[in-house]
Amino acid sequence: MSKEAIYDEDDAVKFIRNYLPQDLKAKFSDDDILYVTDLVCDYYETSGALGGNEDDVVDIDEDAMIQFVEANARKDGVIEFDDGELAHIVRGELDYCESIHLFE
């Protein structure tokens, strides 16, 4: 992870909301998006995707991340979603992280 990159939740939500297809923008609230980004963080922690050293290569399996997020969101029952919808939020989160050079 880059030491210079600053992850801002408000900016992330705005970025992801902008990223979402029009039909999903109305479906998911900002709190829903934050909930999904929290699940993404849980994935990073449990999968070891970020490595243990700041010089390690970041290896993210996007499909595994989406499966993790969907499985945990179903288990938690916090938000309602159809298959594939949360993938848009996850991809938006990854694009936001890339845009701020978080993984460099």
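In case you missed it, the structure is sitting above this.
1. Here's the deal with helix α1 (residues 9-19)
Structural remark: α-helix, 3.6 residues per turn; residues separated by three or four positions point the same way. Taken as a whole, α1 has its buried residues at Ala-12, Val-13 and Ile-16. Burial along α1 is one-sided: seen end-on, the buried residues are contained in an arc of 100°. When the buried face of α1 is taken as reference, the exposed residues oriented beyond 90 degrees from it are Asp-10, Lys-14 and Asn-18.

2. A closer look at a negative patch on the surface
Together, Asp-8, Glu-9, Asp-10, Asp-11, Asp-38, Asp-42, Glu-45 and Asp-76 make up a negatively charged patch on the protein surface. Mapped onto the elements of the fold, Asp-8 is located in the segment before α1.

3. Describing the state of the cysteines
Inspection of every chain in the model, using the stated rule, returns 0 disulfides. As a non-bridged cysteine, Cys-41 has Cys-97 as the owner of its nearest cysteine sulfur, 7.7 Å distant. Judged by its relative accessible area of 1%, Cys-97 is buried.

4. Remarks on the pattern of salt bridges
Close approach of charged atoms allows side chains with opposite charge to pair. One pass over the structure, following the stated rule, counts 5 salt bridges. Among the salt bridges present, the one from Lys-27 reaches Glu-85, with a minimum N-O distance of 2.7 Å. In this pair, Lys-27 is assigned in helix α2 (residues 22-27) and Glu-85 in helix α5 (residues 85-99), connecting sequence segments 58 residues apart. Overall, the relative accessible area of 35% leaves Lys-27 in the partly exposed class. Overall, Glu-85 belongs to the buried group, its relative accessible area being 12%.

Calculation notes
Residues numbered from 1 in each chain as written. Predicted model: local features only at pLDDT ≥ 70, side-chain atom pairs only at ≥ 80, totals over all residues. Heavy atoms only, no water. Buried < 20%, exposed > 50% of the residue type's maximum accessible area, 1.4 Å probe, protein only. Helix = DSSP H or I, 4+ residues; strand = E, 2+ residues; numbered from the N terminus. Arc of directions from axis to C-beta. Patch = residues over 30% accessible without salt bridge, like charges linked within 9 Å, V, L, I, M, F, W, Y side chains within 5 Å. Areas by Shrake-Rupley, 256 points an atom, 1.4 Å probe, with all protein chains shown as cover. Salt bridge = Lys/Arg side-chain N within 4 Å of Asp/Glu carboxyl O. Lys, Arg positive; Asp, Glu negative; His and termini not counted. Charge placed at Lys NZ, Arg CZ, Asp CG, Glu CD. Disulfide = S-S within 2.5 Å.

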